[in-house]
Amino acid sequence: MLSLVTSNKHKYEEIFSYLNSKHIEIKWVQMSYEEIQADDNETISIDSCKKLTNKIRQPFFLEDTGLYIANLNGFPGPYSSYVQNTIGNENILKMASDSKAYFKTVITLYWRKNFYQFSGMLNGKISSKISGNLGFGYDPIFIPDNSNKTLGEMTTDEKNKISHRFLALKKLYGFIVENDVKNNL
Ligand code: ITT
């Protein structure tokens, strides 16, 4: 079975929901790990994955996600976790209401001693107020393009039809099928 390493229950639930619908079983390794500071999610994601290869024996993947806000020149980006835990959504609204923004997810898979990356992006904007209590993190202040509600007002199923994470997962799933990963774990 493929393992997913994340401390974040919501991420696990979104990923489980998508892969389960494709009949891919995953094992949740619930742990947090040190992340380096870097300018992009690709570098952070692969660095975290490399550091975990001596701790986790079975094939696994993890992902790093960031919110990039245009009016803040891309901030918080790779610092999204720190910013969410320190200033939070209220203060982001004060600085960047109505600004264009995007989410980016980069999955890194470690399989047969190699690393593979899959990414997904979701364009949208920062809302003018906090709306919705579904989802997690920045979801209640992010309105995807072509939507009139925040991700925080969407169920997992709705979010999983459009999200950055879903788009990255779709590529991971394509790789799993193409390479018969299920039978080569
Ligand atoms: P792991 O690193 O253990 O997987 P994490 O929550 O620290 O969990 P990230 O570093 O990838 O994960 O997340 C960066 C921040 O962005 C963090 O505060 C999340 O709550 C937030 N975030 C990630 N994905 C999100 C999403 O789909 N919607 C809203 N916020 C999200």
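Our subject is the structure that appears above.
Nothing here was measured: the structure is a model prediction, and the numbers come from that model.

A closer look at the site of the ligand
Residues in close proximity to the ligand total 19 residues, the closest being Thr 6, Ser 7, Lys 11, Asp 139 and Lys 159. Contact distances for the ligand include 2.6 Å between a nitrogen atom and a side-chain N or O atom of Asp 139. Across the complex, the protein chains shield 91% of the 610 Å² of accessible surface that the ligand would expose by itself. Here the residues of the shell around the ligand sort into four nonpolar, nine polar and six charged.

Details of the pattern of salt bridges
Summed over the entire model, instances satisfying the criterion amount to nine salt bridges. Across the salt bridge formed by Lys 159 and Glu 14, the nearest N and O atoms sit 2.8 Å from each other. One end of the pair, Lys 159, is in helix 5 (residues 156-159); the other, Glu 14, is in helix 1 (residues 9-21), with 145 residues separating them in the sequence. Neither Lys 159 nor Glu 14 differs from the other in exposure class; each is buried. Three or more residues joined by partner-sharing salt bridges are found here, namely Lys 11, Glu 14, Glu 63, Asp 139, Lys 159 and Arg 165.

Examining unusual backbone geometry
Cis rather than trans, the peptide bond between Phe 75 and Pro 76 has omega equal to 0°. Position of Pro 76 relative to the elements: it lies in strand 4 (residues 76-77). Backbone geometry places Asn 73, a non-glycine residue, at a positive phi of 55°. Its location among the elements puts Asn 73 in the loop between strand 3 (60-69) and strand 4. The exposure class assigned to Asn 73 is exposed, which follows from its relative accessible area of 76%. Even without a glycine there, the phi angle at Lys 113 is positive, about 65°. Turning to its location among the elements, Lys 113 is positioned in the loop between strand 5 (100-111) and strand 6 (114-126).

A look at helix 2 (residues 41-52)
Taking 1.5 Å of rise per residue, the 12 residues of helix 2 would be expected to cover 16 Å, and the 17 Å separating its terminal C-alpha atoms lies within 8% of that figure. Those residues of helix 2 lying buried are Asn 41, Ile 44, Ser 45, Ser 48, Cys 49 and Leu 52. In an axial view of helix 2, the angular spread of the buried residues amounts to 125°, which keeps them on one side of the axis. Of the surrounding secondary structure, the elements contacted by the buried residues of helix 2 are strand 1 (2-5), strand 3, strand 5 and strand 6.

A look at the side chain of Ser 99
Among the structural elements, Ser 99 can be located in the loop between helix 4 (88-96) and strand 5. Those residues in contact with Ser 99, other than ones at most four positions away along the chain, are Ile 69, Ala 70, Asn 71, Gly 124, Lys 125 and Ile 126.

Points about the pairing of strand 6
Here strand 5 pairs with strand 6 via 12 bridges, running antiparallel. Residue Phe 103 lies in a different strand from strand 6, and its bridge partner there is Leu 122. Taken together, the three bridges between strand 6 and strand 7 (residues 142-144) define a ladder with antiparallel strand orientation. Within strand 7, the position partnered with Gly 124 by the bridge is Pro 144.

Cut-off values and rules
Residues numbered from 1 in each chain as written. Predicted model: local features only at pLDDT ≥ 70, side-chain atom pairs only at ≥ 80, totals over all residues. Heavy atoms only, no water. Near = heavy atom within 4 Å. Polar contact = N/O pair within 3.5 Å; in protein donor to acceptor, adjacent residues only side chain to side chain. Areas by Shrake-Rupley, 256 points an atom, 1.4 Å probe, with all protein chains shown as cover. Nonpolar A, V, L, I, M, F, W, Y, C, P; charged D, E, K, R; others polar. Salt bridge = Lys/Arg side-chain N within 4 Å of Asp/Glu carboxyl O. Helix = DSSP H or I, 4+ residues; strand = E, 2+ residues; numbered from the N terminus. Buried < 20%, exposed > 50% of the residue type's maximum accessible area, 1.4 Å probe, protein only. Expected span 1.5 Å × (residues − 1). Arc of directions from axis to C-beta. Contact = heavy atoms within 4.5 Å. Pairing = 2+ DSSP bridges.

Nothing here speaks to function; it is all geometry.
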